[in-house]
Amino acid sequence: MAFNWDFIIKFLPNYGMATLLTIRLAAFGILLSVLLGVSCSLVLYFRVRVVGAIVRGYIELSRNTPLLIQLFFLYYGIPKLGILISSHACAIIGLTFLGGGYMAEAFRSGLESVSKAQLESGLSIGLNSFQMTRFVIFPQALSVAVPALGANCIFLIKETSVMSIIAIQDLMSLTKELIGMYYNTVETLTILVICYLLLLLPVSFLFLFIERRLRYAEFGL
Amino acid sequence: MQNSGFDVLLSLNNMRRLMQGLGVTLEIALISVMISIFLGVVYGLIMTTKNRAVYGLCRLYLEAFRIIPILVWLFLLFFGSALAFGSDLDGLLVSVIVFSMWGTAEMGDIVRGAVQSIPIHQRQSAEALGLRRIQVYRHVIIPQAVRRFVPAAINLVTRMIKTTSLVVFVGVTEILRVGKQIIEFNMMKNPMASFWIYAFIFIIYFILCYPISKFSKRLEAKWEC
C-alpha cells in the first residue's frame, strides 16, 4: 500500500495545531479538576456539614455519567436558560466537572490512608490545623494518591477525544473532515494514532517514573 | 405560566422513542460485557503465564487499549473497514467489536490481578494438604479470586455503559441521536426542548450507573477482610 507522503506533509501542520489544542484543553482541565478535587476531598475529610452532602452528590453525579452527555447538556441544554458558553469554555468546564469527581476520590483515598497515629502525634507536638494539613497529612496523602492521579490524568486526556461534538477542532474532527474530503483513510488514521501516542505515552511513562520514586518513601515506614 | 417546554418529555411518543434508543445503548453494552467476561477470563488466565513472550504480547494488547482512546479505536475500525471491505461495517457491529476487544483487555487484567493477588502460601498449603490440582483451584484459588474479581468487574460494567455513549459517533441511532431528532423536530414550537431532553438523558445515565457502582462498592467493602 503506497503511503501518500505529500498528503501527510500537507496536513501535518493541521495535526500539530489540533494536538496543541488538545494539550491546552487537557492541561486546563486537569489543573482545574485537581484544584476542584482537592477542595472536595478536604470538605469530605473534615466533614463539613451541608457542603459535604453537596460535594458527595456532585462526585456521584460526575462519576456516573459520561462526559459526552455532560457536554451535550452544557453546550446545547444550558444556553436555553440564557447562559451562553463558548465551545472552548464549555470543553474546559465539562472536563473539570468530570475530572473533579475522579480527582476528589483519588485524594480522598489518599487522605484516609494517613494513620490516626500520625494525626495524634502531630497534635501532641502542638501543630495547628494548617500545619497539620500542610506538613503531616498532605505529603503522605499525596504519595498514596499519585497512582490514581496519574490514571486520572491519562483518562482526562483520552476523554478530550469527544470534544469534536461541541465544535472543537481537535484531532477527531480533523480526521473525520480529511477522510470525508480526500478519502486518504490510511494516512489520516495513522497520523491520528501517532498523535495520540505522542500525547499519551510520555505522560504514562512520567507517572510510571514518579510512582517508582515514591515507592522509596514506603521503606521508611 | 409560560410554556417551559417540559411537555416534550411528557409526550408518550417521544418517551417511547427515547427508551428505544436507550435499548440500543444497553444492547451494545450487554452483548459486549458478556463477550468480555467470557474472553476476559481466558485472556486473564493466559496472562498469568510465566512465559515472558506470551505475557509481553498480552500486555501490549492491554496497553494499546489503555493508551489509545476508545473513540479512536471506533474510528479505526469504522473507517478502516470501509477501506478494507469497500463498504463500511454497520456502526452497531463496529461498536460491539471495539467494546468487546476493550472489555476483554480490561476484564483480563482484573482476572490476572485477582488470581495473582492470592498469596503463594495458599496454594502451597493446599498442596501440602494433599489436594489435587483441580481441588486447589476449586476450593482455594477460585473462591478467593472471585471476591476480588466481582467488584472490579461490576465497576468495569459501569465504565462500559458510560462509554457506549460514544457509539453516536459511528452513526448508531441510540438515545442521544433520538434525542437530537426529537429536538430538531420540535425546534420551532418548543425551543426549550434541548434543555429538557439532554437533562433527561443525563439523568437516565446516572440512574443506570449509580446503583451499579454503589453495588460494586458495597461488595468490595463487604468482602474485604
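Counting restarts for each chain: residues are numbered from 1 in the order of the written sequence. Working convention: letters from A go to chains and numbers from 1 go to ligands, in the order in which they are written. It should be noted that, the model being predicted, local features are given only for residues of pLDDT at least 70 and side-chain atom pairs only at 80 or more, the latter also being counted only at that level, while totals for whole chains, interfaces and linings use all residues.

S.K.: What is the right way to read the overall build of chain B from this model?
M.R.: Helices and strands together make up the secondary structure of chain B, namely nine helices and zero strands. Listing every helix and strand of chain B by position from the N terminus yields α-α-α-α-α-α-α-α-α. Taken against the 2.2 N^0.38 rule, which gives 17 Å for 225 residues, the C-alpha radius of gyration of chain B at 22 Å runs more than 25% over that of a compact globule. Buried means a residue has 20 or more other C-beta atoms within 10 Å of its own C-beta, exposed means 12 or fewer, and partly exposed covers the counts in between; C-beta atoms are placed from the backbone. Scored against the burial criterion, the 225 residues of chain B give a buried share of 37%. A pair of residues counts as a contact when their C-beta atoms, built from backbone coordinates, are within 7 Å of each other. Of all intrachain contacts in chain B linking residues separated by at least 6 positions in sequence, the fraction that spans at least 24 positions is 78%. In this description a helix means any DSSP run of H or I spanning at least four residues, a strand means any run of E spanning at least two, and both kinds are numbered starting from the N terminus. Note on method: radius of gyration uses C-alpha positions; expected globular size equals 2.2 Å times residues raised to 0.38.

S.K.: I'm lost on the overall build of chain A in this one. Help?
M.R.: When its secondary structure is counted, chain A shows eight helices and zero strands. Its helices and strands in sequence order give chain A the pattern α-α-α-α-α-α-α-α, from N to C terminus. Per-residue burial over chain A gives 38% buried out of 221 residues. When contacts within chain A are restricted to residue pairs at least 6 apart in sequence, long-range pairs at least 24 apart make up 78% of them.

S.K.: Can you help me understand the interface of chain A and chain B in this one?
M.R.: Note on interface size: it is often stated as the accessible area lost on association of the parts. With 30 residues of chain A at the interface, the matching set in chain B holds 30 residues. Contributing elements (two or more residues each) for the side of chain A that touches chain B: helix H2 (51–63), helix H3 (67–77), helix H7 (171–182) and helix H8 (185–218) of chain A. If one sorts the elements of the side of chain A that touches chain B by residue count, H8 of chain A sits on top with 10 residues. Only Asp, Glu, Lys and Arg are considered charged, only Ala, Val, Leu, Ile, Met, Phe, Trp, Tyr, Cys and Pro nonpolar, and every remaining residue, Gly among them, polar. Here the side of chain A that touches chain B is built from residues that sort into 19 nonpolar, eight polar and three charged.

S.K.: Before we go on, may I ask you to explain the nonpolar core in this structure?
M.R.: As a rule of thumb, soluble globular proteins bury nonpolar side chains together. Buried Ala, Val, Leu, Ile, Met, Phe, Trp, Tyr and Cys residues whose C-beta atoms connect them within 7 Å together make up a nonpolar core. Judged by nonpolar contacts, the single largest core of 108 residues is most densely connected at Leu71 of chain A together with Leu71, Leu74, Phe75, Leu166 and Ile197 of chain B. With 12 residues, the single largest contributor to this core is helix H4 (residues 87–112) of chain A. Apart from the residues within four sequence positions on either side, Leu74 of chain B is in contact with Val94, Ser95, Val98, Leu166, Phe169 and Val170 of chain B.

S.K.: Please clarify how the packing of H4 of chain A against helix H6 (residues 129–159) of chain A should be interpreted in this entry.
M.R.: Residues and elements named next belong to chain A. Axis definition: a line fit to C-alpha positions, over the contact stretch in the case of helices; interaxial angles, taken between N-to-C directions, run 0 to 180 degrees. Where H4 contacts H6, the two axes come as close as 8 Å, and the packing angle between them is 150°. Regarding the angle of H4 to H6, the classification is roughly antiparallel. Of the two possible hands of crossing, H4 and H6 adopt the one that is right-handed. Two secondary-structure elements touch here, H4 through Leu95, Leu98, Gly99, Tyr102, Met103, Ala106, Phe107, Ser109, Gly110 and Leu111 and H6 through Ile137, Ala141, Leu142, Val144, Ala145, Ala148, Leu149, Asn152, Phe155, Leu156 and Glu159. Residue composition of the contact of H4 with H6, grouped by class: 16 nonpolar, four polar and one charged. Angular relationships are summarised with four words: roughly parallel below 35 degrees, roughly antiparallel beyond 145, roughly perpendicular across 65 to 115, and oblique for the angles in between. In this scheme the crossing of two helices becomes right-handed for a clockwise turn of the near helix relative to the far one and left-handed for an anticlockwise turn of less than a right angle.

S.K.: Even after reading the chapter, I still don't get the confidence of the model for chain B, so can you show me in this structure?
M.R.: When pLDDT drops low, the exact placement of atoms in the prediction is not to be read closely. Residue and element names in this part refer to chain B. You can read pLDDT as the predictor saying how much it trusts each residue, on a scale of 0 to 100. With 98% of its residues at a pLDDT of 70 or more, chain B has an overall mean of 89. Taken element by element, the predicted model of chain B shows its lowest mean pLDDT in helix H1 (residues 7–10) (75) and its highest in helix H5 (residues 91–116) (93). Taken over the whole predicted complex, pTM reads 0.89, whereas the ipTM for its chain interfaces reads 0.88.

S.K.: Looking at this structure, how should I read the packing of helix H4 (residues 70–85) of chain B against H5 of chain B?
M.R.: When two helices pack together, their arrangement is given by the angle between the helix axes and by the axis-to-axis distance. Residues and elements named next belong to chain B. For the pair H4 and H5, interaxial distance at closest approach is 9 Å and the crossing angle is 135°. Taken together, H4 and H5 sit at an angle that is classed as oblique. H5 is crossed by H4, and the crossing has right-handed handedness. Touching Ile70, Trp73, Leu74, Leu77, Phe78 and Ser81 of H4 are Gly91, Val94, Ser95, Ile97, Val98 and Trp102, all from H5.

S.K.: When you look at helix H1 (residues 5–45) of chain A in this model, what are you seeing that I'm missing?
M.R.: Residues and elements named next belong to chain A. Look at H1: 56 Å from first C-alpha to last across 41 residues, which is about the 60 Å you get at 1.5 Å a residue. A residue's bend is simply the angle between two axes: one fitted to the seven residues ending at it, one to the seven starting at it. Along its length, H1 reaches its greatest deviation from straightness, about 45°, at Phe11, and the proline Pro13 lies no more than four positions downstream. A positive phi of about 50° marks Arg47, the residue just after H1. Given a helix with a known number of residues, its expected span is that number minus one, times 1.5 Å.

S.K.: Before we go on, may I ask you to explain helix H2 (residues 12–47) of chain B in this structure?
M.R.: Since there are 3.6 residues in each turn of an α-helix, residues three or four apart along the chain are aligned in direction. Over its 36 residues, H2 of chain B extends 50 Å from the first C-alpha to the last, a length consistent with the 52 Å expected when each residue adds 1.5 Å. The axis of H2 of chain B is deflected most strongly, by about 30°, at Gly40 of chain B.

S.K.: How should the environment of Leu142 of chain A be read in this particular structure?
M.R.: Within the element layout of this structure, Leu142 of chain A appears in helix H6. Separated by 36 residues in sequence, Leu142 of chain A and Ala106 of chain A have C-alpha atoms that sit 9.3 Å apart.

S.K.: Can you help me understand unusual backbone geometry in this one?
M.R.: Only a minority of non-glycine residues have a phi that is not negative, and only a minority of peptide bonds are not trans. Residues and elements named next belong to chain A. For Ala167, which is not glycine, the phi dihedral falls at a positive 65°. With respect to the helices and strands, the residue Ala167 is situated in the loop between H6 and H7. Backbone geometry at Tyr183 places phi at a positive 60°, although glycine is not the residue there. With respect to the secondary-structure elements, Tyr183 resides in the loop between H7 and H8.

S.K.: I keep staring at the environment of Leu42 of chain A and nothing clicks. Help me out?
M.R.: Checked against the element boundaries, Leu42 of chain A lands in helix H1. Along the backbone, Leu42 of chain A and Ala167 of chain A are 125 residues apart, and their C-alpha atoms lie at a distance of 35 Å.

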